[in-house]
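Observations on the model geometry
Residues per chain, in single letters:
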Amino acid sequence: MSTDRRQELAAGLGAVRSRIAAACEAAGRPADDVRLVVVTKYFPASDVRILADLGVTDVGENRHQEAEAKAAECADLDLRWHFVGGLQSNKAAAVARYADVVESVDRPGLLPRLARGAADRGATLDVLLQVSLDPPGSDHRAGADPADLLDLADATTEHPELRLAGLMAVAPLGEDPASAFARLGAVRSEFLARHHPAQVLSAGMSSDLEQAIAAGATHVRVGTAVLGTRPRVK
Ligand SMILES: *Cc1c(COP(=O)(O)O)cnc(C)c1O
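Since we're looking at a predicted model, the values are computed, not measured.

**Points about the overall build of the protein chain**
Helix and strand content of the protein chain: nine helices and eight strands. Computed over the C-alpha atoms, the radius of gyration of the protein chain is 17 Å, within 12% of the 17 Å expected from 2.2 N^0.38 for a compact globule of 234 residues. Dimensions along the principal axes, computed over C-alpha positions, put the protein chain at roughly 50 × 40 × 35 Å. For the protein chain, buried positions account for 50% of its 234 residues. Of the roughly 10900 Å² that the protein chain leaves accessible, carbon and sulfur atoms contribute 51%. Here the protein chain carries 26 positive and 32 negative side-chain charges, and the mean point of each set is 4 Å from the other.

**Looking at the environment of R232**
By the element assignment, R232 lies in the segment after α9 (224-227). A residue is classified by how much of its surface remains accessible, and R232, at 78% relative accessible area, is exposed.

**Here's the deal with the packing of helix α6 (residues 149-157) against helix α7 (residues 177-194)**
Relative orientation of the contacting elements α6 and α7 amounts to 35°, with a least axis distance of 10 Å. You can see that α6 and α7 cross each other, and the crossing is right-handed. Here L149, L150, A153 and D154 of α6 come into contact with α7, specifically with V187, E190, F191 and R194. The class makeup of the residues in the contact of α6 with α7 is five nonpolar, no polar and three charged.

**Concerning the side chain of D58**
Following the sequence through the fold, D58 ends up in strand β2 (residues 58-61). Classification of D58 as buried rests on a relative accessible area of 0%. A polar contact of 2.9 Å, which involves the side chain of D58, links it to the side chain of R35. Residues contacting D58, with those up to four places away along its chain left out, are R35, L36, V37, V38, L79, R80 and H82.

**Things to note about the pairing of β2**
Taken residue by residue, a regular strand's side chains alternate between the two faces of the sheet. Because side chains alternate across β2, one face comprises the buried residues D58 and G60, and the other comprises V59 and E61, equally buried. Looking at chain direction, strand β1 (residues 35-39) and β2 are connected through three bridges and run parallel. Residue pairing in the sheet places V39 in a bridge with G60 of β2. Since β1 and β2 lie parallel, the crossover through helix α2 (residues 45-53) that links them has a hand, and here it is right-handed. The parallel pair β2 and strand β3 (residues 80-83) is bridged by helix α3 (residues 64-73), and the resulting crossover is right-handed.

**Regarding the UniProt feature "modified residue: N6-(pyridoxal phosphate)lysine" (unreviewed entry) in the protein chain**
On the UniProt side, "modified residue: N6-(pyridoxal phosphate)lysine" (unreviewed entry) is annotated at positions that read K41 here. Excluding anything up to four places from it in sequence, K41 contacts G60, E61, N62, E66, K70 and R230.

The rules behind the values
- Residues numbered from 1 in each chain as written.
- Predicted model: local features only at pLDDT ≥ 70, side-chain atom pairs only at ≥ 80, totals over all residues.
- Heavy atoms only, no water.
- Helix = DSSP H or I, 4+ residues; strand = E, 2+ residues; numbered from the N terminus.
- Rg over C-alpha atoms; globule rule 2.2 N^0.38 Å.
- Buried < 20%, exposed > 50% of the residue type's maximum accessible area, 1.4 Å probe, protein only.
- Areas by Shrake-Rupley, 256 points an atom, 1.4 Å probe, with all protein chains shown as cover.
- Lys, Arg positive; Asp, Glu negative; His and termini not counted.
- Charge placed at Lys NZ, Arg CZ, Asp CG, Glu CD.
- Axes fitted to C-alpha atoms, helices over the stretch in contact; angles between N-to-C directions.
- Left-handed = near helix turned anticlockwise from the far one by under 90°.
- Contact = heavy atoms within 4.5 Å.
- Nonpolar A, V, L, I, M, F, W, Y, C, P; charged D, E, K, R; others polar.
- Polar contact = N/O pair within 3.5 Å; in protein donor to acceptor, adjacent residues only side chain to side chain.
- Pairing = 2+ DSSP bridges.
- Right-handed = clockwise from strand over helix to strand, strands pointing away.
- UniProt positions renumbered as here; feature names shortened; annotations may be inferred.

This is the structure we're talking about:
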């Protein structure tokens, strides 16, 4: 493995870990309160291997075919694979056969398919419900409408193959992430009143992890700040 690349990744990882520690301290939270998920999409399996060697425990991917291939190539590593991308219904069962966590569950139609994939694999699948923080009526809504969240949560708990672990969100472009994550905090309080064990909150990326940690994130999903600028999509 390339020593140059290893040094780059070690430096990126060190910088991100320092940012997480500082944000935890500022929020009066212990540093081990927040888990780092390194989003490795578009980067090769060789980078995943280096990251695992540098102590990374969780990696995230957002495209099924790429994720499936990389997870297979890295099957010998002790990693938790998070699927964080938009999920097509006809791919959901396949994703559940390699992912340990699916963070982007946004509609009830995915649930039986995810449950089937988890059953095939003989493992319980951790599920996060993705909450939309976009203004209502906007074009590119990713995630469930907050008004539909409790129904989606109830539907999730009907599948013994699925474990409702918590919530995930992405701050919308063009809004101060602190205000978007404050909205998320309110949605989460209502959610936890009914689903108290589902404590995971996956929020915060390279540019806004500090604001997410201030708003209670337990997991941050960081790509660019660890791996560098993603290669252009072909
Ligand atoms: C790509 C991606 C990330 C990581 O984004 P960076 O800005 O590179 O840190 C986080 N979450 C999701 C859902 C993503 O698709």
